[in-house]
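Architecture and fold: a report
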Amino acid sequence: MDSDDENIEELVEGPLDEDDLPHGFCTVTYSSSDRFEGHFIHGEKNGKGKFFFFDGSSLEGFYVDDALQGQGVYTYEDGGVLHGTYVDGELNGSAQEYDGEGRLVFKGQYRENSRCGECWIYYPDKGCVFGKVNEDGEMTGDSVAYIYPDSKMALYGSFVEGELIKAQLATLVSTETGRPHFEVTPGSSVYSYDKSTSTCIATHALLPDPYESQRVFVADSLIKGAGQGLFAKTDAGPDTVMAFYNGIRITHSEVDSRDWAMNGNTISLDEDTVIDVPQPFDQTDRYCASLAHKGNHSFTPNCKYDPFVHPRFGPIKCVRTLRAVQKDEELTVAYGYDHESVGKNGPEAPDWYKQELEVFQQRQAYPTGQ
């Protein structure tokens, strides 16, 4: 995060002293194509200045005797930002990092440019990991915790490089010193990393997620002909994660090549992967490790699908509320089929969706009471 010490000054724009060294506010371009703009005293950086690196990143702060001292701001090429404390040009002290959208992704300590001590790693979905990093700056150890988006429920135990190895259900408890403390739930199940494959949905298919179990349940849907549905077990505010959508991981081409009848529980994860909950795992007596696939479609949903980094399942989707929901209210999502007509058959979607869309559009065109 600093310019290469072996960089050679190629071009100096600004005032020079009697020895032809930068003196005052100058712009110096180096052989590496890095550029520095700031104040110099007889060839050494002194005062406020900013490096512009060849890869698009930058480093700004206050320099003393050619070294960055105190608070500095490093901006990554993707727009992410690190606010840190520098001593003699190296990160030493507290630091906070934000992604390109301004979301906090790290809070902790650095020593000689490496993470050290107790640190927080935050995910965009509002889950996070807390623990003491090892000598390589990795979240590895036996006292690490993944904390769910409610900032209370946790999985506490062994992690390697941030990946769950073995943990138990715990509760995050505040302490007088402000240091996080975790109380393990007596008799808790043991959870481990269990990312699905194209053939295995989960090693422990009947082990429910503890966070999800507190927030949703499955019952007969209130929507005619929809079968089972997903319901709120408790009141929840807007933007609350309610359930998780895990399943086997298949390709888009596999989904596109088969009949719609086989795609009832598929959801796109990214441009390469589709998550699927096939038969017989659509039955809760065969699979209940996650339940979001039980959510039914609505053109006026109270929830949405969002990406989620799960400690057990890895990258998946979750169901997140769009508005406040009440206890026992059915949770619905918009399935998101393409509404653009394709030939005579209309949208590229199953027949039931086309029928529901037609009814919905008619109601929109001719509202009741008008």
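Structure's up top.
The model shown is predicted, which means the values in this text are computed figures rather than measured ones.

1. Quick look at the sheet that holds strand β23 (residues 296-297)
Adjacent strands of a sheet form backbone hydrogen bonds with each other and so pair up, either parallel or antiparallel. If you trace the four strands from one edge of the open sheet to the other, you get β17-β18-β26-β23, paired in mixed fashion. The open sheet has two free edges, formed respectively by β17 (216-220) and β23, since each of these has just one partner strand. Note that β23 and strand β26 (residues 330-333) share two bridges and pair parallel. Along β26, the bridge assignment pairs Asn 296 with Thr 332.

2. A word on the packing of aromatic side chains
What the rule picks out here adds up to 20 aromatic pairs. For the pair Tyr 30 and Phe 51, a centre-to-centre distance of 6.0 Å together with 35° between the ring planes defines the contact as tilted. In this pair, Tyr 30 sits in strand β2 (residues 24-30) while Phe 51 sits in strand β4 (residues 44-52), placing the two residues 21 residues apart along the sequence. Considered together, Tyr 30 and Phe 51 belong to a single accessibility category, that of buried residues. When the ring of Tyr 211 is compared with that of Phe 244, the centres are 5.8 Å apart and the planes differ by 40°; the resulting orientation is tilted. In this pair, Tyr 211 sits in helix α1 (residues 210-213) while Phe 244 sits in strand β19 (residues 241-245), placing the two residues 33 residues apart along the sequence. Each member of the aromatic cluster is reached from another via a ring pair, and the members are Tyr 30, Phe 36, Phe 40, Phe 51, Phe 53, Tyr 63, Tyr 74 and Tyr 76. Above the face of the Phe 52 ring, Arg 35 is positioned so that its terminal group lies 4.3 Å from the ring centre. Lying over the aromatic face of Phe 36, Lys 45 brings its terminal NZ or CZ to 5.4 Å of the ring centre.

3. Some details on the sheet that holds strand β24 (residues 303-310)
Taken together, three strands build an open sheet; the order of strands is β19-β25-β24 and the sheet is antiparallel. Each edge of the open sheet is held by one strand with a lone partner, namely β19 and β24. Going across the sheet, the axis of each strand differs from the next one's by a mean of 35°, ignoring polarity. As paired strands, β24 and strand β25 (residues 314-321) are joined by eight bridges and run antiparallel to one another. Directly across from Tyr 305, in β25, lies its bridge partner Val 319.

4. A short note on the environment of Pro 180
Within the secondary structure, Pro 180 sits in the loop between β14 (163-173) and β15 (181-184). In this structure Pro 180 comes out as buried when scored by relative accessible area, which is 13%. Sequence separation between Pro 180 and Glu 118 is 62 residues, and the spatial gap between their C-alpha atoms is 10.0 Å. What Pro 180 contacts, discounting residues up to four positions off in sequence, is Trp 120, Phe 130, Leu 172 and Val 173.

5. A word on the side chain of Asn 302
Within the element layout of this structure, Asn 302 appears in the loop between β23 and β24. The class of Asn 302 is buried, set by a relative accessible area of 3%. Looking at Asn 302, its side chain comes within polar contact range of the main-chain oxygen of Glu 330, at 2.8 Å. Not counting the four nearest positions on each side in its chain, Asn 302 is found in contact with Thr 321, Leu 322, Arg 323, Val 325, Glu 329, Glu 330, Leu 331 and Thr 332.

6. Focus on the pairing of β19
Every regular strand shows the same layout, with side chains that alternate between the two sheet faces. Where burial is concerned, most of β19 is hidden: five out of the five residues are buried. Bridge count for β19 against β25 is four bridges, and the pairing is antiparallel. Along β25, the bridge assignment pairs Phe 244 with Cys 318.

So, how was this worked out
Numbers given to residues run from 1 along each chain, matching the order in which its sequence is written. Reporting of local features is limited, given that this is a predicted model, to residues whose pLDDT is at least 70; pairs of side-chain atoms are given and counted only at 80 or more, and all residues count toward the totals for whole chains, interfaces and linings. Just so you know, side-chain values use all the structure's heavy atoms and leave hydrogens and water out. We treat two strands as partners when DSSP finds at least two bridges between them. Runs of E in the DSSP output that reach at least two residues are strands. Runs of H or I that reach at least four are helices, and both are numbered from the N terminus. A pair of aromatic rings is counted whenever rings of Phe, Tyr or Trp (Trp by its six-membered ring) have centres within 6.5 Å, and the orientation is called stacked for planes under 30 degrees apart, edge-to-face for over 60 and tilted otherwise. Categorising residues by exposure relies on relative accessible area from a 1.4 Å probe, with only protein chains included: less than 20% of the type maximum marks a residue as buried, more than 50% marks it as exposed, and the intermediate range marks it as partly exposed. A positively charged side chain is recorded as over a ring if its NZ (Lys) or CZ (Arg) lies within 6 Å of the ring centre. The angle to the ring normal must also be within 35 degrees. Each axis is a line fitted through C-alpha atoms, and for a helix only the stretch in contact is used; angles between axes span 0 to 180 degrees, taken between their N-to-C directions. Residues count as neighbours in contact if any of their non-hydrogen atoms are within 4.5 Å of one another. Any N or O atom pair separated by 3.5 Å or less is treated as a polar contact, with the protein-specific requirement of one donor-capable and one acceptor-capable atom, and with residues adjacent in sequence counted only for side-chain atom pairs.

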